[in-house]
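The residues making up each chain are set out below.
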Amino acid sequence: MKQCWRWFGPEDPIALSDLHQVGVQGIVTALHHIPPGQPWDVPAIADRQAMLAEAGFEWDVVESLPVSETIKTQTTDMAAHLEAYKFSLRALASRGIEVVCYNFMPILDWTRTALRAPQPHGGSAMLFDLTDFATFDIHILKRPGASENYSELVQHAASKRFAEMSDTAKSRLQHNVTAGLPGANDQWSVEDVRALLDTYRDIDRTRLRAHLVDFLAEVAPVAQEHGLRLCCHPDDPPFSLLGLPRVMSSVDDYGAVLDAVDLPANGATLCTGSLGVAASFDGPEFVRRHGSKIHFAHLRNTKRIAGSDAEKPDFYEAAHLEGDTDMAGTVRELMAEQKRRKQAGRSDWQIPMRPDHGQELLGDRGGHSTPGYPLIGRMRGLAELRGLMEAFT
């Protein structure tokens, strides 16, 4: 697999020039300064490519070309947003970029309750704690009907935790949860989140999946025509939060959506960390079932923590080879898929991958790293994954 690295652009604290020392072969990035629903034009794309080329890299994967909430909810201006998305796809294709990752998660991108939870070895990792999340949902956000989404045990624990939290702790929890909102960080208030939630008031799982299929029916033919490969990222975590529907949380979810728009351009981003939070996830089986349409791989690991809700477990970002996902088996199947593609003469036989997330270790510590994207933690992960790939070559 091609060993790539996510880079967040000029504001990323990690210098592109340093990544050669890590053994990085390609870059995954996006034009994060352009709001969802607005088109990416050729000059902006070319500028980013020139920046990468100066450091000796190519732009291998777009992550992500965001799908606007207007498209997800099919509200006013959806037609204009779809046209902007198609315009962006054509512009990317004209610059030789072939892989475009996106997600269809309502409002939230990824959700954690702690961005730097201490680990026994002295580093830190991102963590999701259901009681903390319920504390935010019920007592800070005060979402109507929120209590109905949690067991009595979790409700009681959340009430107790909220009563014991300082104002600083409450603010920190709010910040951590909304860090997964695109462009959020400190900008989103609870009123902003409530307003966004209201736009999904009448959208259930069935309707949201229909909206995803409608979106793909519009854009996948454009991608196919221009030699692009679209790949949907799974829900993170793979269960409903804030009463919002989730539609890409399992191998069967992917089967339904890939079959609904059956084009080679309509594919999957395999994220072993997101899907692996579910106890039922089988990484090697996912590759065996959907391997021909895996256009991009996020390889990371999560570890479930025994808690009060088996369907919505607590979990933390484990070291890449130490969580609940069978990483060795998954990499073995991905390497086998590459061999099948090469034998079939596919030009896209090599799957781009990247070490996803990572624990903050050694010099990463101190709060200066982008949460989930430290240098040393991901460097360790890439080295371990590289070893697996060599073993299964």
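To keep things clear, this report deals only with the structure shown in the data block. Note that the structure is predicted; figures quoted are calculated from it, not measured. (Residues numbered from 1 in each chain as written. Predicted model: local features only at pLDDT ≥ 70, side-chain atom pairs only at ≥ 80, totals over all residues. Heavy atoms only, no water.)

Within the secondary structure, Asp60 sits in strand β3 (residues 59-63). For Asp60, a relative accessible area of 16% gives the class buried. The spacing of Asp60 and Val100 is 40 residues in sequence and 9.1 Å in space, taken between C-alpha atoms. For Asp60, the contacting residues outside a window of four places in its chain are Lys2, Cys4, Gln25, Gly26, Ile27 and Val99. (Helix = DSSP H or I, 4+ residues; strand = E, 2+ residues; numbered from the N terminus. Buried < 20%, exposed > 50% of the residue type's maximum accessible area, 1.4 Å probe, protein only. Contact = heavy atoms within 4.5 Å.)

For the structure on display, the rule yields eleven aromatic pairs. Seen from their ring centres, Phe128 and Phe133 are 5.7 Å apart, and the 40° between their planes marks the pair as tilted. Measuring from centroid to centroid gives 6.2 Å for Phe133 and Phe136, while their planes differ by 50°, and the two rings are tilted. Linking Phe133 with Phe136, this pair stays in helix α4 (residues 130-140), spanning three residues, or about one helical turn. Assessed through its relative accessible area of 1%, Phe136 is described here as buried. Grouping aromatic residues by their ring pairs yields a cluster made of Phe128, Phe133, Phe136, Phe239 and Phe315. Directly above the ring of Tyr150 sits Lys312, whose terminal nitrogen or CZ lies 5.8 Å from the centroid. (Phe/Tyr/Trp six-rings, centres within 6.5 Å; stacked < 30°, edge-to-face > 60°. Lys NZ or Arg CZ within 6 Å of the ring centre and 35° of its normal.)

The subject of this paragraph is the sheet that holds strand β4 (residues 99-103). Strands sit in the order β1-β2-β3-β4-β7-β8-β9-β12 around a closed barrel of eight strands; the barrel is parallel. Averaged over all pairs of adjacent strands, the angle between their axes in this sheet comes to 30°, without regard to strand direction. Summarising the sheet, strand β2 (residues 26-29) and β3 pair through three bridges and their orientation is parallel. Paired with Thr29 across the two strands is Val62, which belongs to β3. Here helix α3 (residues 78-94) sits on the sheet in contact with β3, β4 and β7 (229-233), set at roughly 150° to β4. On the sheet, helix α13 (residues 375-391) packs against β1 (2-6), β9 (294-299) and β12 (352-355) and is oriented at approximately 165° with respect to β1. (Pairing = 2+ DSSP bridges. Axes fitted to C-alpha atoms, helices over the stretch in contact; angles between N-to-C directions.)

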